[in-house]
Structures are given as structure tokens and as C-alpha cells.
Amino acid sequence: MTRAVQAGMDFVSALDRGSLGGLARLCAPDATWWVDTGPDRRGGDPGLAPHGSGRFPLHGIMRMDDKLALMRSLGPRAFPTGCRQIPRRVVAGDDTCVIEVEGYGVHAGGLEYANRYGFVFDVDPAGAVVAVREYLDTSHAQHVVGGGAAVPRSSLDRRPARAAPGPADAPRPLRAALAMWPALARGDLDAFGALFTADATWWTDSGRHRDRGRPHGWGDLDANGRSTAGCR
């Protein structure tokens, strides 16, 4: 197990238990946590919107200690019976890993919260988490937590200039993944299709229809016991 996988899995486990102290102990002093802001793209840019989207207080980028303090104040009230965070798949290198997670809880308003996350963890040489990036279904989150209120739509005035990772020295699975998107952008479906095996599948989030396309049964969310902690 790489140090990134160990740190990422420990992070998700502490999140599942609601152990905010455990999360803090896994992080470097200057760690940050970024959460997708959905259609409010300016809300996730601290230079353009230093206080986040305004609709999602936990979204955008925050220093880890500020994030955990906000979670401590909001979580128990929002999810009084807790919110499970169950890891499903891991893709990792030495200093970065991606963990696919299923979350489930019942909001204080009575609605079921069944979100899915992609957590990206960056760790330092000592194995401490230095950055977390969290992708989720913001529409479902707003439906449950925000009472369905509209989320402001915005676009970034400036786009960060980031070079795409080069495939030359990448492992074979990464080279295959990187090759997909240029073919799709060109509309070359023959080249796109040639990158898949005959029995390949493609899963897409089902939005508010949380029971559609779900690869796991509800019962297995209790496999590790019920959580009594607040949801982040």
C-alpha cells in the first residue's frame, strides 16, 4: 500500500466515524480542502469569491483547520444520526490517490442523502495529507441540504493555465485514460470506441434518482456499523 493510499483510506475512515480530530492528525499544518461548487464556478476560486459560493458554506477551498471548525459547527445539526462514507475504489500513485466513496445519511429535514464522491488526496513524503479535492453531485446536495434553492450560475473570468499531463512516461492505464478525451473532443467515435474492451461499461451519476444505476445495495452501507457522527 502506498503512503497516498494509506493516508487517503485513513482520511475516509476518520470521516466515516466523524472523527474531526482524526482528520486533523492526518494533515500537514498548511493542508487545504477544496470542494466542487457545482454551477457556481466562481464560488470555488478564492481569488474571485473568498467566501465561497454563499450557498454551500463547505464548498470552495479552505484551510483544513477552518474547514474542520465549520464541519464541527454544522454537521451534527444537519445529520443528527450521522452520515456514512464508504470507500469503493482506489487509484493511486506514491504521493497522490483517488478514492471513490459512497455517502449515505438522513438529513434533519427528513430527506435521504445518497451522494457519491471522488476524493483526490495529495500527500507529502512523510505521508501527511497536504491537499484534498472533492468532487460530488452538487445538485443532489443542494436538493437535500439546501432545500432545493437555486444555485447561482457563474463562470470563471480567467481560466488557470495548466498543461495537460503528458502520456509519454505514464503507466499504461493512465495512457489509455488520457487518450480518451482528445478522441471524444474531436468527435472521433471510432478512435474513442477502439480504446475500450468489448465488455467495457460506463457508469454515469443518476442525479436525484439515487436508486438508479447504483452498483451496491443499501444494506452494505451498514457493513461497518452505524455512524453516530455528523456529516461533513
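Whatever comes next refers back to the structure up there.
The paragraphs below set out a description of the structure included in this document. (Residues numbered from 1 in each chain as written. Predicted model: local features only at pLDDT ≥ 70, side-chain atom pairs only at ≥ 80, totals over all residues. Heavy atoms only, no water.)

## Considerations on the packing of aromatic side chains
Line of reasoning, step 1. Within this structure, the stated rule accounts for 10 aromatic pairs.
Line of reasoning, step 2. Taken together through their ring pairs, the aromatic side chains of Phe11, Trp33, Tyr117, Phe119 and Phe121 make up a single cluster.
Line of reasoning, step 3. Stacked on the ring of tryptophan 33, the Lys or Arg lysine 67 has its end atom at 4.6 Å from the ring centre. (Phe/Tyr/Trp six-rings, centres within 6.5 Å; stacked < 30°, edge-to-face > 60°. Lys NZ or Arg CZ within 6 Å of the ring centre and 35° of its normal.)

## Quick notes on the environment of glycine 93
Line of reasoning, step 1. Within the element layout of this structure, glycine 93 appears in the loop between strand 3 (83–92) and strand 4 (96–106).
Line of reasoning, step 2. Contact partners of glycine 93, with chain neighbours within four places excluded, come to Thr2 and Ala4. (Helix = DSSP H or I, 4+ residues; strand = E, 2+ residues; numbered from the N terminus. Contact = heavy atoms within 4.5 Å.)

## Observations concerning a nonpolar patch on the surface
Line of reasoning, step 1. A cluster of nonpolar side chains, contributed by Trp181, Leu184, Leu189 and Trp202, occupies part of the molecular surface with about 460 Å² of accessible area.
Line of reasoning, step 2. Residue placement: tryptophan 202 occurs in the segment after helix 6 (189–193). (Patch = residues over 30% accessible without salt bridge, like charges linked within 9 Å, V, L, I, M, F, W, Y side chains within 5 Å. Areas by Shrake-Rupley, 256 points an atom, 1.4 Å probe, with all protein chains shown as cover. Salt bridge = Lys/Arg side-chain N within 4 Å of Asp/Glu carboxyl O.)

## Regarding the side chain of lysine 67
Line of reasoning, step 1. With respect to the secondary-structure elements, lysine 67 resides in helix 3 (residues 64–78).
Line of reasoning, step 2. Buried charge lysine 67 goes without a salt bridge, the closest partner of opposite sign being glutamate 134 at 4.8 Å.
Line of reasoning, step 3. Every residue in contact with lysine 67, bar those within four places of it in the chain, is listed here: Trp33, Val35, Leu58 and Met62. (Buried < 20%, exposed > 50% of the residue type's maximum accessible area, 1.4 Å probe, protein only. Lys, Arg positive; Asp, Glu negative; His and termini not counted.)

## Here we look at helix 1 (residues 3–17)
Line of reasoning, step 1. The end-to-end C-alpha separation of helix 1 is 21 Å, in line with the 21 Å expected for 15 residues at 1.5 Å each.
Line of reasoning, step 2. When we look at burial in helix 1, the residues that qualify are Ala4, Val5, Ala7, Gly8, Phe11, Val12, Ala14, Leu15 and Asp16.
Line of reasoning, step 3. In the stretch just after helix 1, glycine 18 is the one whose phi turns positive, near 75°. (Expected span 1.5 Å × (residues − 1).)

## As for the pattern of salt bridges
Note that side chains of opposite charge can pair when their charged atoms are close.
Line of reasoning, step 1. Within this structure, the stated rule accounts for seven salt bridges.
Line of reasoning, step 2. Aspartate 66 serves as the salt-bridge partner of arginine 63, at 3.4 Å between the closest nitrogen and oxygen.
Line of reasoning, step 3. Residue class for arginine 63 comes out partly exposed when judged on its relative accessible area of 44%.
Line of reasoning, step 4. Looking at aspartate 66, the relative accessible area reads 37%, which means it is partly exposed.
Line of reasoning, step 5. Here arginine 186 ties to aspartate 188 by a salt bridge, and the two come within 3.7 Å at their closest N and O atoms.
Line of reasoning, step 6. Through salt bridges with shared partners, a single ionic network connects Arg63, Asp65 and Asp66.

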